[in-house]
Amino acid sequence: MNTVKKGDELEKAVFNFFSNDIEQGKFWANKDYCKIFHQKGYYSRDREKDITFDISIEIYVPGQTNYSLLVLIECKNYNHRVPVDDIEEFHSKIQQVSGAKGIVVSTNSFQEGALKFSKSKKIGLLRYFSPENSEWVLTRSSSTVGRNVEAIKTESIKPALQQENFISKGFDCYCYYNSLYTNSIYDLFENIIKSAQSSFSSESIDTIRTHKPLPQVLVPFLESAYIEAQSKTLLDSIGYSGGYVNEETLTDFVSEHYGVKLELCANLPAGVLGTIDFTKKEICVDLNQCETKERLRFTIAHELGHLILGHSEYILSETCYGSHFDENRDDIDIKDIMRLEWQANQFASSLLLPKEQFVKAFVYFARSKGISDRGFGALFVDEQPCNRDALNFITLSLMRQFKVSKAAIYIRLKQLGIVRESLKKPENAMDLFSLNRSSKVFYSN
């Protein structure tokens with residue numbers, strides 16, 4: 001794609017991005033008091049003619065025919081970081097237009113010098129992420145304050161502005177203005193308006209400004225028991241009776257009954273194990289990047305979790321990395337996404353390690369090894385070699401039976417309260433050894 005076409009595409013995307021927020025009442029200024037333009041010219045005193053800018057937003061005081069503040073936006077669709085020279089050139093242009101503030105929007109990161117110069121001249125920087133560069137694409141913009149549930153840490157935004165290979169975690173923009181780091185377009189413009197305070201009276205600001213939405217979590221909490229029940233319903237539908245869950249039977253059933261295409265030999269970008277796209281009704285898994293059968297099966301089950309649990313209401317698509325399977329992630333800032341990922345992982349665990357069969361299998365292997373509860377829990381884990389050996393024996397035995405990874409087995413053991421870690425009391429601990437000794441145990445050789 002040539003540079004002109006790339007630039008035109010970004011300008012169109014940015015124009016639509018701001019236009020939609022304005023029309024939906026999510027922008028800082030009420031739509032009755034602002035106008036947005038694409039490729040409009042503004043008079044330059046120095047050139048004695050108009051300078052055309054990519055995007056412009058005019059904000060008006062009620063009753064006035066001329067704008068009180070003009071925000072000029074320059075778009076950069078580069079395959080490299082934006083250099084400081086570009087910011088300096090843009091600053092020179094906006095200085096020639098009366099009552100103007102500036103924002104540079106880029107699909108790539110910014111050089112350190114660009115950040116410093118923009119701070120000194122009070123120019124906003126915004127890195128815009130298209131769906132192709134995001135782990136999650138939400139049904140509603142996450143960059144409106146209603147989705148910005150927690151105060152986003154500066155440390156989580158800086159990398160997006162400085163690192164070329166940064167992948168967005170749910171946000172479509174990362175912003176910087178005068179030492180402020182934010183994902184909120186509303187907060188970005190709030191600070192730009194403050195820096196142009198002389199253009200407005202406090203009364204006019206109160207009239208122009210839209211109501212800032214209260215933070216909210218849109219994805220409801222689901223009990224583990226509910227997710228277990230959903231996975232059991234699916235297992236019953238495919239006639240599961242014990243042992244490991246056959247992924248081909250699963251995918252055939254889902255494809256037939258949900259109308260979702262499953263591509264298990266997809267060629268996905270580096271680091272991506274799987275994806276789900278609700279608009280295309282497609283699940284793709286990269287067999288080569290999954291590397292092991294166990295990881296492949298968990299990736300499939302994870303994506304099925306998004307499908308079965310109705311996550312299409314909140315996300316249009318999701319890109320699955322290996323880090324998504326970690327028990328505790330600290331790199332996600334949106335509670336909605338944290339819940340979606342936890343729910344998908346919980347579903348995958350419940351689907352591949354069905355509770356009843358898993359518990360019975362654990363009891364069988366524990367008894368065969370002479371492992372018993374000596375008052376510290378069904379499976380006590382500390383630094384003693386005997387306890388470590390017991391854990392390894394149990395996890396390896398369950399891995400062979402259910403064909404999942406060691407990490408998935410250990411997490412499931414913790415979820416069900418079977419494992420008790422040193423000096424930690426497990427939640428919902430189960431007295432597994434009180435089970436009827438004649439209970440039937442399902443296991444495979």
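Values in this document were obtained by computation on a predicted structure and should not be read as measured data.

A few points about the overall build of the protein chain
Then step 1. When helices and strands are tallied, the protein chain shows 14 helices and 14 strands.
Then step 2. Across the protein chain, contacts joining residues at least 24 apart in sequence account for 66% of those joining residues at least 6 apart.
Then step 3. When the accessible surface of the protein chain is totalled, it reaches about 21,300 Å², and 46% of it is carbon and sulfur.

Considering the layout of surface pockets
Then step 1. Looking at the second largest pocket, its volume works out to about 540 Å³.
Then step 2. Around the second largest pocket, the lining is made up of 22 residues, and of these Pro131, Glu132, Thr275, Ser317 and Thr319 lie nearest the centre.
Then step 3. Those elements that place two or more of their residues in the lining of the second largest pocket are strand 10 (272–277), strand 11 (282–285) and strand 12 (315–321).
Then step 4. Considering every element that reaches the lining of the second largest pocket, the biggest residue donor is strand 12, with five residues.

A few points about the environment of Lys414
Then step 1. If you trace the backbone, Lys414 turns up in helix 14 (residues 406–415).
Then step 2. In this structure, the C-alpha to C-alpha distance between Lys414 and Leu379, residues 35 residues apart in sequence, is 9.8 Å.

Notes on the pattern of salt bridges
Then step 1. According to the stated counting rule, one finds 14 salt bridges in the structure shown.
Then step 2. The shortest N-O distance in the salt bridge between Glu190 and Arg209 comes to 3.3 Å. Residue Glu190 is found in helix 5 (residues 185–195), and its partner Arg209 is found in the loop between helix 6 (202–208) and helix 7 (224–237); the two are separated by 19 residues along the sequence.
Then step 3. For Lys360, the salt bridge is made with Glu356, and the minimal N-O distance between the two is 3.1 Å. Linking Lys360 with Glu356, this pair stays in helix 12 (residues 355–369), spanning four residues, or about one helical turn.

Re the packing of aromatic side chains
Then step 1. The tally for this structure, following the rule as stated, stands at 16 aromatic pairs.
Then step 2. Each ring, one from Phe18 and one from Phe189, has its centre 6.0 Å from the other, and the planes form 70°; the classification is edge-to-face. Of this pair, Phe18 sits in helix 1 (residues 3–23) while Phe189 sits in helix 5, and the two are 171 residues apart along the sequence. No difference in accessibility class separates Phe18 from Phe189, as the two residues are buried.
Then step 3. With a centroid separation of 5.4 Å and 70° between ring planes, the pair formed by Phe129 and Tyr174 is classed as edge-to-face. With a gap of 45 residues between them, Phe129 in the loop between strand 5 (124–128) and strand 6 (136–138) and Tyr174 in strand 7 (residues 173–177) connect regions that are remote in the sequence. Here the two residues Phe129 and Tyr174 agree in accessibility, since each one is buried.
Then step 4. Each residue in the set Phe17, Phe18, Phe27, Tyr128 and Phe189 is aromatic and connected to the rest through ring pairs, giving one cluster.
Then step 5. When the ring centre of Phe37 is taken as origin, the NZ or CZ atom of Lys40, which lies over that ring, is 4.1 Å away.
Then step 6. One residue, Lys403, lies across the ring of Tyr244, its end atom 4.8 Å from the ring centre.

Side note on unusual backbone geometry
Then step 1. Its identity is not glycine, yet Lys122 carries a phi of approximately 55°, on the positive side.
Then step 2. Classification of Lys122 as partly exposed rests on a relative accessible area of 32%.

Section: the side chain of Ser349
Then step 1. Along the polypeptide, Ser349 turns up in helix 11 (residues 335–352).
Then step 2. Excluding residues that lie within four positions of it along the chain, Ser349 makes contacts with Phe298, Arg412 and Gln415.

Structural notes on the pairing of strand 10
Then step 1. Of all six residues making up strand 10, six are buried, and the element is well covered by its neighbours.
Then step 2. Two strands pair when backbone bridges link them, and strand 10 and strand 12 are joined in this way by five bridges, in the antiparallel orientation. Bridge pairing links Asp277 to Ser317 in strand 12.
Then step 3. With four bridges connecting them, strand 10 and strand 11 associate as antiparallel partners. Residue pairing in the sheet places Asp277 in a bridge with Glu282 of strand 11.
Then step 4. Counted along the chain from strand 10 to the antiparallel partner strand 11, the turn is four residues long, and its residue Lys281 has a positive phi close to 55°.

Some points on the confidence of the model for the protein chain
Then step 1. Across the protein chain, pLDDT averages 86, with 88% of residues at or above 70.
Then step 2. In this model, residues 145–151 is a region of pLDDT below 50 whose contacts with residues beyond four sequence positions or in other chains number 26 contacts.

Regarding the sheet that holds strand 1 (residues 34–44)
Adjacent strands of a sheet form backbone hydrogen bonds with each other and so pair up, either parallel or antiparallel.
Then step 1. Read from one edge of the open sheet, seven strands run 1-2-3-4-5-7-8, paired in mixed fashion. The open sheet has two free edges, formed respectively by strand 1 and strand 8 (180–182), since each of these has just one partner strand. Across the sheet, the axes of successive neighbouring strands diverge by a mean angle of 30°, strand direction being ignored.
Then step 2. Bridge count for strand 7 against strand 8 is three bridges, and the pairing is antiparallel. Among the inter-strand pairings, Tyr176 is bridged to a residue of strand 8, identified as Tyr181.
Then step 3. The strands touched by helix 1 are strand 1, strand 2 (49–59), strand 3 (69–76), strand 4 (100–106), strand 5 and strand 7; relative to strand 1, the strand with the most contacts, the crossing angle is about 125°.
Then step 4. Across the sheet, helix 4 (residues 154–162) is in contact with strand 5, strand 7 and strand 8; its angle to strand 7 comes to roughly 100°.

A few points about the pairing of strand 12
For a regular strand, side chains alternate in direction, first toward one face of the sheet and then toward the other.
Then step 1. Most of strand 12 sits out of view: six of its seven residues are buried.
Then step 2. In this sheet, strand 12 lies alongside strand 6 in antiparallel orientation, the contact comprising three bridges. In the strand pairing of strand 12, Trp136 is matched with Glu318.

Brief notes about the packing of helix 13 (residues 385–402) against helix 14
Between two packed helices, the angle of one axis relative to the other and the distance separating the axes together describe the packing.
Then step 1. Packing of helix 13 against helix 14 brings their axes to within 9 Å, and their N-to-C directions diverge by 110°. For the element pair helix 13 / helix 14, the angle class is roughly perpendicular. Relative to helix 14, the crossing made by helix 13 is right-handed. Residues Leu391, Asn392, Ile394, Thr395, Leu398 and Met399 of helix 13 form the contact with helix 14, whose own contacting residues are Lys406, Ile409, Tyr410 and Leu413.
Then step 2. Grouping the constituent residues of the contact of helix 13 with helix 14 by class yields seven nonpolar, two polar and one charged.

The rules behind these values
- Residues numbered from 1 in each chain as written.
- Predicted model: local features only at pLDDT ≥ 70, side-chain atom pairs only at ≥ 80, totals over all residues.
- Heavy atoms only, no water.
- Helix = DSSP H or I, 4+ residues; strand = E, 2+ residues; numbered from the N terminus.
- Contact = heavy atoms within 4.5 Å.
- Areas by Shrake-Rupley, 256 points an atom, 1.4 Å probe, with all protein chains shown as cover.
- 1 Å grid on protein atoms, 1.4 Å probe; cavity = no way out; pocket = protein on both sides within 12 Å on 5 of 7 lines; lining within 4 Å.
- Points joined across faces, edges and corners; volume = space filled by probe spheres on them.
- Salt bridge = Lys/Arg side-chain N within 4 Å of Asp/Glu carboxyl O.
- Phe/Tyr/Trp six-rings, centres within 6.5 Å; stacked < 30°, edge-to-face > 60°.
- Buried < 20%, exposed > 50% of the residue type's maximum accessible area, 1.4 Å probe, protein only.
- Lys NZ or Arg CZ within 6 Å of the ring centre and 35° of its normal.
- Pairing = 2+ DSSP bridges.
- pLDDT = per-residue confidence, 0-100.
- Axes fitted to C-alpha atoms, helices over the stretch in contact; angles between N-to-C directions.
- Parallel < 35°, antiparallel > 145°, perpendicular 65-115°, else oblique.
- Left-handed = near helix turned anticlockwise from the far one by under 90°.
- Nonpolar A, V, L, I, M, F, W, Y, C, P; charged D, E, K, R; others polar.

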